[in-house]
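So you can see what is in the structure, the chains are spelled out below.
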Amino acid sequence: MPLVVMCGYPCSGKTRRAEELKAHFEETTDRQVHIVGDRALGVDRNSVYADSQKEKDTRASLKAEVERKVNRDNIVILDSLNYIKGYRYELFCLTKHAQTPHCLVHCLTSGEESSLWNKNREAADQYSQDIFDALVQRFEAPDSRNRWDSPLFTVLKDDVPPLEAVSDALFKRKAPPPNQSTQSQPLSSTNFLYELDKITQDVLMAIFNAQKTSVPGDLISVPGATEKVELTRTVNMAELRKLRRQFISYSKMHPTEKTGQIANIDTAVPKIRSQWLKKGA
């Protein structure tokens, strides 16, 4: 169920700490423990981290693998650099959607220490010095004041890992509640999206075409609406499409059984309808 996100410089001991956590969880719980990381994906570090697109694809693959394995029965440990705070935020949102706790374990070392450990590795496992230096420079340190970096456990080279504290953070803490941005809303009917797309497109075209023969202040008939719409200014197609996308996004989160009322949805979302149908702004 919970997710442990490892974080730190290259060659800072993340994999060793991940294995220690895995052994502890397997000894103290009856849950399956999965380690997801660069090694499991067979990542060629020097090739991937030298190419921004390859690195982006690798992060997406790691996130997808975490998403597949996170459930109410498993413990997932993500053993990778996880050095970008935006990526750690995405992982936090993933745990909110899955309604499971998470924590961050930061293996804190100096750049000099990690560089020495890198040089002592077998050649096939080493980062090139240029790649190593670039990753250290780009590293965005976690901050426990950020909810996506909390709870945060910082582990130094010679520290005994806080195994019990990590367990408490995962098993004795409530999962973050899902919010509208991370929770899928059930659609109210099987053809809701089709009807929503069709009706809003009809409304868009009716307003756009009516402006060719009208002036600001005229009343425009809208298909499916019982009221006419008054435009206070001319609205171009790009603006209408933008407003249509906003209305569709809102409607997906607040679906209605009465698809015939989509064009005339005054009382449910007056603010959006006012923007979408009246002012176009």
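Residues numbered from 1 in each chain as written. Predicted model: local features only at pLDDT ≥ 70, side-chain atom pairs only at ≥ 80, totals over all residues. Heavy atoms only, no water.

Student: Looking at this model, I keep getting lost on the overall build of the protein chain. Mind explaining?
Tutor: The number of helices and strands found in the protein chain is 11 helices and seven strands. Out of the 281 residues belonging to the protein chain, those deemed buried represent 41%. Within the protein chain, counting contacts between residues at least 6 apart in sequence, those at least 24 apart form 75% of the total. Only carbon and sulfur atoms are counted for the fraction: they give 49% of the accessible area of the protein chain, which is about 15,300 Å². (Helix = DSSP H or I, 4+ residues; strand = E, 2+ residues; numbered from the N terminus. Buried < 20%, exposed > 50% of the residue type's maximum accessible area, 1.4 Å probe, protein only. Contact = heavy atoms within 4.5 Å. Areas by Shrake-Rupley, 256 points an atom, 1.4 Å probe, with all protein chains shown as cover.)

Student: What should I look at first to understand the sheet that holds strand 5 (residues 152-155) in this one?
Tutor: To summarise the sheet geometry, strands pair through backbone hydrogen bonds and adopt either a parallel or an antiparallel arrangement. One open sheet accounts for five strands, arranged 2-3-1-4-5; its pairing is parallel. Two strands close off the open sheet at either side, each with one partner strand: strand 2 (32-37) and strand 5. Here the strands of the sheet are splayed against their neighbours by 20° on average, with no regard to which way each runs. Direction of pairing for strand 1 (residues 3-8) relative to strand 4 (residues 102-107): parallel, over a ladder of six bridges. By the bridge assignment, M6 is partnered in strand 4 with V105. On top of the sheet, helix 8 (residues 163-171) reaches strand 1, strand 3 (74-79), strand 4 and strand 5; it is set at about 155° to strand 4, its chief contact. (Pairing = 2+ DSSP bridges. Axes fitted to C-alpha atoms, helices over the stretch in contact; angles between N-to-C directions.)

Student: What exactly am I supposed to notice about the nonpolar core here?
Tutor: If you look at soluble globular proteins, the nonpolar side chains tend to sit buried side by side. Within the largest apolar cluster, 24 residues are counted, with the highest numbers of intra-cluster contacts made by Y49, V66, L78, Y127 and L135. Looking at this core, the elements that each hand over two or more residues are strand 1, helix 4 (52-69), strand 3, helix 5 (85-98) and helix 7 (129-138). Residues contacting L135, with those up to four places away along its chain left out, are P10, Y49, L81, Y83 and Y127. Membership of the second largest hydrophobic core comes to 17 residues, among which are F192, L204, F247 and I248. (Core = buried A, V, L, I, M, F, W, Y, C linked by side-chain atoms within 4.5 Å.)

Student: Explain the pattern of salt bridges here, please?
Tutor: A pair can form between side chains of opposite charge whenever their charged atoms are brought close. By the definition in use, this model includes 15 salt bridges. Two residues, E90 and K63, come together in a salt bridge whose shortest N-O distance is 3.3 Å. With E90 in helix 5 and K63 in helix 4, the pair connects residues that are 27 residues apart, well separated along the chain. Under the relative-accessibility criterion, E90 is labelled partly exposed at 36%. Under the relative-accessibility criterion, K63 is labelled partly exposed at 24%. Among the salt bridges present, the one from E239 reaches R233, with a minimum N-O distance of 2.7 Å. Assessed through its relative accessible area of 23%, E239 is described here as partly exposed. (Salt bridge = Lys/Arg side-chain N within 4 Å of Asp/Glu carboxyl O.)

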